[in-house]
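# A look at the structure
What follows is the residue order along each chain.
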Amino acid sequence: MKICTFLKLLLVISLYTGAAVADPASINPGEIVGNWHATEHHPDQGNIETIFIINADNTFSGSMTINNIPAWQYAGTWSLKGNQITWVYLESNIILLQEDKQDTDVILSVSDESLTYRSLRRGKESTLQRAE
């Protein structure tokens, strides 16, 4: 019986320890501020280039081109809580549905060179490169 009780206690301790390790890391807002870009090739649409500017005053703006043709320009505000960043689109040259006017991503990593995040809505992981 003592071994069974010990194993239960060990399980409880490991669950609590695991929960502490799984807490989201806080991201320093200064690390994400800057000019970012991404280039990808989409099988149906072709080459997609995104320019994304994150400002220290909690605003952002950006543009997307598809095969060098302007497709989307946007701007808004952002807020950061732990490692989750919420984007609120206030301006867009294309009409956004109400559910598309706000989006939240989980920042997986940020460095001097790149910013990797996962969309909570789509589950897609993306990486931006810091523009020089």
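Above this text you will find the structure in question.
Description of the structure in this document. Along each chain, residue indices are assigned from 1 in the same order as the chain's sequence is written. pLDDT decides what is reported in this predicted model: residues at 70 or higher carry local features, side-chain atom pairs at 80 or more are listed and counted, and totals for whole chains, interfaces and linings draw on all residues regardless. The side-chain numbers reported here are obtained from all heavy atoms of the structure, hydrogens and water having been left aside.

### A closer look at the pairing of strand β8 (residues 125-130)
Heads up, the rule is: DSSP bridges decide pairing: two strands pair if at least two such bridges lie between them. The secondary structure listing takes helices from DSSP runs of H or I that are at least 4 residues long and strands from runs of E that are at least 2 residues long, numbered from the N terminus.
Relative to β8, strand β1 (residues 34-42) runs antiparallel, the two sharing two bridges. Residue Trp36 lies in a different strand from β8, and its bridge partner there is Arg130. Relative to β8, strand β7 (residues 114-119) is paired through five bridges, and the arrangement is antiparallel. Across the sheet, Ser114 pairs through a bridge with Gln129, a residue of β8. Between the antiparallel neighbours β7 and β8 lie five residues, among them Gly123 with a positive phi of about 75°.

### Regarding the sheet that holds strand β6 (residues 102-110)
Put simply, the test is: With axes taken as lines fitted to C-alpha atoms, and helix axes fitted only over the stretch in contact, angles between N-to-C directions fall between 0 and 180 degrees.
Spatial strand order, β1-β2-β3-β4-β5-β6-β7-β8: eight strands in a closed barrel with antiparallel pairing. Strand-to-strand twist in this sheet, taken as the mean axis angle between neighbours without regard to direction, amounts to 35°. With seven bridges joining them, strand β2 (residues 46-54) and strand β3 (residues 59-66) adopt antiparallel strand pairing. Paired with Ile54 across the two strands is Phe60, which belongs to β3.

### Some details on the layout of surface pockets
Applicable threshold: Cavities and pockets were defined on a 1 Å grid built over protein atoms only: a cavity is a set of grid points that admits a 1.4 Å probe from which the probe cannot escape, a pocket is an open set flanked by protein on both sides within 12 Å along at least five of seven lines, and lining residues are those with an atom within 4 Å of any such point. Grid points are joined across faces, edges and corners, and a volume is the space filled by probe spheres set on the points.
Space inside the largest pocket adds up to approximately 840 Å³. Taken together, 30 residues form the lining of the largest pocket, with Met64, Trp72, Tyr89, Tyr117 and Arg122 sitting closest to its centre. Among the elements of the structure, β1, β2, β4 (69-81), β5 (84-92), β6, β7 and β8 are those that each provide at least two residues to the lining of the largest pocket. Looking at the lining of the largest pocket, the element that brings in the most residues is β2, giving four residues.

### A few points about the nonpolar core
Inclusion rule: Nonpolar cores were defined as sets of buried Ala, Val, Leu, Ile, Met, Phe, Trp, Tyr and Cys residues, with membership established by side-chain atoms within 4.5 Å. For the exposure calls, accessible area comes from a 1.4 Å probe over protein chains only, and a residue counts as buried if that area is under 20% of its type's maximum, exposed if over 50%, partly exposed in between.
Ile32, Phe52, Ile54, Trp87 and Leu115 are the most contacted members of the largest nonpolar core, which totals 19 residues. Listing elements by their share of this core, those giving two or more residues are β1, β2, β4, β5, β6 and β7.

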